[in-house]
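Letter by letter, the chains look like this.
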Amino acid sequence: MYTDEKLVPSRRFQGFNHDWEQREFGEITTTYSGGTPFVGKDEFYAGNIPFIRSSEINSNTTELSISEKGLQNSSAKIVNVGDILYALYGATSGEVGISQIQGAINQAILAIKPNQMYDSQFIMQLLRRKKQNILDKYLQGGQGNLSGNIIKSLKLMFPEFNEQKKIGEFFENLDNLIASQQRKLNKTKAMKSAYLSEMFPAVGDRKPKRRFAGFTDDWEQCKIGDFSKDTYGGGTPKTSVKEYWNGDIPWIQSSDLYEHQFTIKTPTKRITKDGIINSSTKLIPANSIAIVTRVGVGKLAFIPYDYATSQDFLSLSKLKINEWFGVYSLYHKLQSQLDAVQGTSIKGITKEELLNKSILIPLSKIEQKKIGEFFVNLDTLITSQQQKLVKLQNMKKAYLNEMFI
């Protein structure tokens, strides 16, 4: 930790030992905002100048472009690759990045060009480090907007230029690692999505597009209710009765399930046997599929231990098909139906509606097992990649706290 007497961060590169010094931001940078061409003039748009909006400050593409005429007839301003872009308005307030393209900016972005002996990467990372402090001070309650004058008035601590460069390069490399890991994760998720659509039959088909060698038979229609011998609902023990809570039985809520993943988070709550006896929830045997049927419809998980759930679930137990195949086939069915009615306000699905839905399955237990194992391996890879990404992100947060004042 630093003190007022010794103005240094807690972690530094070797060879640097001078105190950092306070500077007013407006004195060490040149800043300007842009504007928006009149939207009623078609000739101002669809040109060859990328039009960067605040949600795009870290992107190498833009949704809109403007023409030279649009630029000349508005207060839009040009920024270059390497300029710092700071979001002033709306949901992205306080976000900051280095421009990846030459383009024009609107009034919601502040362009920042450092003076000599001040490093862009260092300044960008410093502003990221200070984001929450700035929002808390100037946007109390999340109301209002930041302004160029607010940013220029900031008093921030800077080391000498060579130390700025070292710190800037360190975080640039770390950002590149994070971006690379995010791309890898996105690619694997996209691959899984493609395989889900190819390895389960499309509407009207009896066979999937892609199969393991040796399997050629048509898949057979089956009701979800035929998947399992037993079904279980859920409930909530009285929260006011201490004897019902903090027991040994995991009590699953919708928030304990991931989106698009079928393993479960560590349950946040546990109940006792008395909690089960004195409520509508049930003790559900291990190796069952828990499906959210109320808020969060479409989330589901395979749960390998005994558990209970809230009333938002229906659980399928003593499955007649391969457990993991069942998870992915149910997911594919529910998601394809949700996608078909996207934009509507689906609040839930009844037990009867869910159990009466028809689904196609291969009769071969071996094919079911192969499909299930294939997707389990993909999900294991996705989980591993996510964990690496989170580790890098947490590492960056720690370094931001330790390497800046």
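It should be emphasised that the depicted structure is a prediction, and the values quoted were computed from it without experimental measurement.

**Quick look at the packing of aromatic side chains**
Then, in step 1: Here the structure, examined in full by the defined rule, presents 22 aromatic pairs.
Then, in step 2: With a centroid separation of 5.7 Å and 40 degrees between ring planes, the pair formed by F171 and F404 is classed as tilted. Of this pair, F171 sits in helix α5 (residues 161–199) while F404 is found in the segment after α9 (365–403), placing the two residues 233 residues apart along the sequence. Each of the two residues, F171 as well as F404, counts as buried.
Then, in step 3: Here a set of aromatic residues connected by ring pairs shows up, and it is made of Y195, F200, F212, W219, F262, F302, W324, F325, Y328, Y331, F374 and F375.
Then, in step 4: Positioned over the ring face of Y258 is K265, at 5.2 Å from the centre of the ring.

**Observations regarding the pattern of salt bridges**
Then, in step 1: Inspection of every chain in the model, using the stated rule, returns 18 salt bridges.
Then, in step 2: In this structure, K318 engages D230 in a salt bridge whose closest nitrogen and oxygen atoms are separated by 3.3 Å. With a gap of 88 residues between them, K318 in strand β18 (residues 313–319) and D230 in strand β12 (residues 228–232) connect regions that are remote in the sequence.
Then, in step 3: Each of R53, E56 and E63 takes part in one network of salt bridges that share partners.

**So, the layout of surface pockets**
Then, in step 1: The calculated volume of the largest pocket comes to roughly 520 Å³.
Then, in step 2: Surrounding the largest pocket, 19 residues form its lining, N58, Q100, R128, D175 and A179 being those nearest its centre.
Then, in step 3: Elements with a contribution of two residues or more to the lining of the largest pocket: β7 (96–98), α2 (120–129) and α5.
Then, in step 4: Among the elements that line the lining of the largest pocket, the one with the most residues is α5, at 7 residues.
Then, in step 5: Residues belonging to the lining of the largest pocket are distributed by class as follows: 5 nonpolar, 9 polar and 5 charged.

**Section: unusual backbone geometry**
Then, in step 1: Of note, the phi angle at A46 is positive, near 60 degrees, even though the residue is not glycine.
Then, in step 2: For A46, the location among the structural elements is in strand β3 (residues 45–52).
Then, in step 3: Backbone geometry places N246, a non-glycine residue, at a positive phi of 60 degrees.
Then, in step 4: Its place among the elements puts N246 in strand β13 (residues 245–252).
Then, in step 5: Judged by its relative accessible area of 76%, N246 is exposed.

**What about the sheet that holds strand β2 (residues 29–33)?**
The strands that make up a sheet pair up through hydrogen bonds in the backbone, lying either parallel or antiparallel.
Then, in step 1: One open sheet holds the 4 strands; their spatial order is β2-β9-β6-β7, and the pairing between them is antiparallel. With one partner strand each, in any of the chains shown, β2 and β7 form the two edges of the open sheet. Strand-to-strand twist across the sheet, computed as the mean angle between neighbouring axes with direction ignored, equals 25 degrees.
Then, in step 2: Strand direction decides the pairing type here: strand β6 (residues 84–87) and strand β9 (residues 109–114), joined by 4 bridges, are antiparallel. Paired with Y86 across the strands is L110, a residue of β9.
Then, in step 3: In the packing of α2 onto the sheet, contacts are made with β2, β6, β7 and β9, and the angle to β7 comes to roughly 160 degrees.

Parameters and conventions
- Residues numbered from 1 in each chain as written.
- Predicted model: local features only at pLDDT ≥ 70, side-chain atom pairs only at ≥ 80, totals over all residues.
- Heavy atoms only, no water.
- Phe/Tyr/Trp six-rings, centres within 6.5 Å; stacked < 30°, edge-to-face > 60°.
- Helix = DSSP H or I, 4+ residues; strand = E, 2+ residues; numbered from the N terminus.
- Buried < 20%, exposed > 50% of the residue type's maximum accessible area, 1.4 Å probe, protein only.
- Lys NZ or Arg CZ within 6 Å of the ring centre and 35° of its normal.
- Salt bridge = Lys/Arg side-chain N within 4 Å of Asp/Glu carboxyl O.
- 1 Å grid on protein atoms, 1.4 Å probe; cavity = no way out; pocket = protein on both sides within 12 Å on 5 of 7 lines; lining within 4 Å.
- Points joined across faces, edges and corners; volume = space filled by probe spheres on them.
- Nonpolar A, V, L, I, M, F, W, Y, C, P; charged D, E, K, R; others polar.
- Pairing = 2+ DSSP bridges.
- Axes fitted to C-alpha atoms, helices over the stretch in contact; angles between N-to-C directions.
- Contact = heavy atoms within 4.5 Å.

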